[in-house]
Amino acid sequence: MVCAMAVPGIIPIAYEPHGRTEAIGLYAEGQFLGSVTYAFPKGFQLDSGWEEHKRLYAVLHTFDAEGNHRDSEIWCAGTWAAQQRAPHPSVSPLARARAHLATQLRSLPRRTYTDIAVRPFQLTVDGVLFGMVAGEEDGEGWAELYPDNLGFGPPWDGSYDT
């Protein structure tokens, strides 16, 4: 008999320097998870002009020590179209998003980069789903960080698939 693995109450996320989870860790008031990510609004249909609808966000979620979602700072730096038009990379939406996230991270007292574990949560900003959403499919538990599209699952060791 094969035993399916249910979603744990707290989802581990492994710190990966220079990877998609390079901006996670602990700070004086709990845990944090930061990213720079592109996203479409929920229900968006890909057609002509999609470049104006694909938005770039700097995201910083904070959690208490037990992994409960505390707050989210979600800032739109521009669109894919604006990124493609940026004549100087230093002022592009991507550069602005990275700078904004770096400023937010620097504001966290006693910040250290390390593995974290958070409880599922979700919120919608600008029609875009943000959060750690968990569920079950074919008897197998899963969790996904949106809109980053990082998938977590058994053996629940913090590693992810994209």
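It should be emphasised that the depicted structure is a prediction, and the values quoted were computed from it without experimental measurement.

Caption draft 1: Representation of helix α2 (residues 93-106) within the structure. Between the first and last C-alpha of α2 there are 20 Å, a value that for 14 residues agrees with the 20 Å anticipated at 1.5 Å per step. Inspection of α2 places P93, A97, H100, L101, Q104 and L105 among the buried residues, and these make up the whole buried set. With its buried residues spanning 135 degrees around the axis, α2 presents them on a single face. For α2, the exposed residues set more than 90 degrees away from the buried face come down to R98 and R106. Against the buried residues of α2 lie β3 (30-39), β4 (55-63), β5 (69-79), α1 (80-85) and β6 (112-113).

Caption draft 2: The nonpolar core, seen in detail. With 15 residues, the main nonpolar core has I13, L33, M132 and F152 as its most contacted residues. Listed by contribution, the elements that provide at least two residues to this core are β1 (11-13), β7 (116-118), β10 (140-146) and β11 (150-152). With near-sequence residues (within four places) excluded, L33 lies in contact with I13, A23, I24, V59, L60, H61, F63, I116 and L145. Listed in part, the 11 residues of the second largest apolar core include A23, Y27, L60 and A77.

Caption draft 3: Seen up close, the pairing of β10. Here 7 bridges tie strand β9 (residues 128-137) to β10, and the two strands are oriented antiparallel to one another. What sits directly across from G135, in β10, is W142. Where β9 folds back on β10, the antiparallel hairpin that results is connected by 2 residues, among which D138 adopts a positive phi of roughly 55 degrees. Where β10 folds back on β11, the antiparallel hairpin that results is connected by 3 residues, among which N149 adopts a positive phi of roughly 60 degrees.

Caption draft 4: The sheet that holds β6, seen in detail. With respect to topology, 5 strands assemble into an open sheet ordered β5-β4-β3-β2-β6, the strand pairing being antiparallel. If you trace the sheet from one side to the other, it starts and ends with β5 and β6, each paired once. Judged from the 2 bridges that link them, strand β2 (residues 24-27) and β6 form a sheet pairing that is antiparallel. Within the sheet, the bridge partner assigned to L26 lies in β6 and is T112.

Reading the values: rules and limits
- All residue numbers refer to positions counted from 1 along the written sequence of the respective chain.
- Given that this is a predicted model, residues contribute local features only at a pLDDT of at least 70 and side-chain atom pairs are listed and counted only at 80 or more, while totals for whole chains, interfaces and linings are drawn from all residues.
- By convention in this description, side-chain values take in all heavy atoms of the structure and omit both hydrogens and water.
- Runs of E in the DSSP output that reach at least two residues are strands. Runs of H or I that reach at least four are helices, and both are numbered from the N terminus.
- Take the residue count of a helix, subtract one, and multiply by 1.5 Å to get its expected span.
- Burial classes follow relative accessibility: with a 1.4 Å probe on protein chains only, a residue under 20% of its type's maximum area counts as buried, one over 50% as exposed, and anything between as partly exposed.
- In this description, one arc is meant: the one made by directions from the helix axis to the C-beta atoms.
- Whether two residues are in contact is decided by their heavy atoms, any of which lying within 4.5 Å being enough.
- Residues grouped as a nonpolar core are buried Ala, Val, Leu, Ile, Met, Phe, Trp, Tyr and Cys residues, joined through side-chain atoms within 4.5 Å.
- Any two strands with at least two DSSP bridges between them are considered paired.

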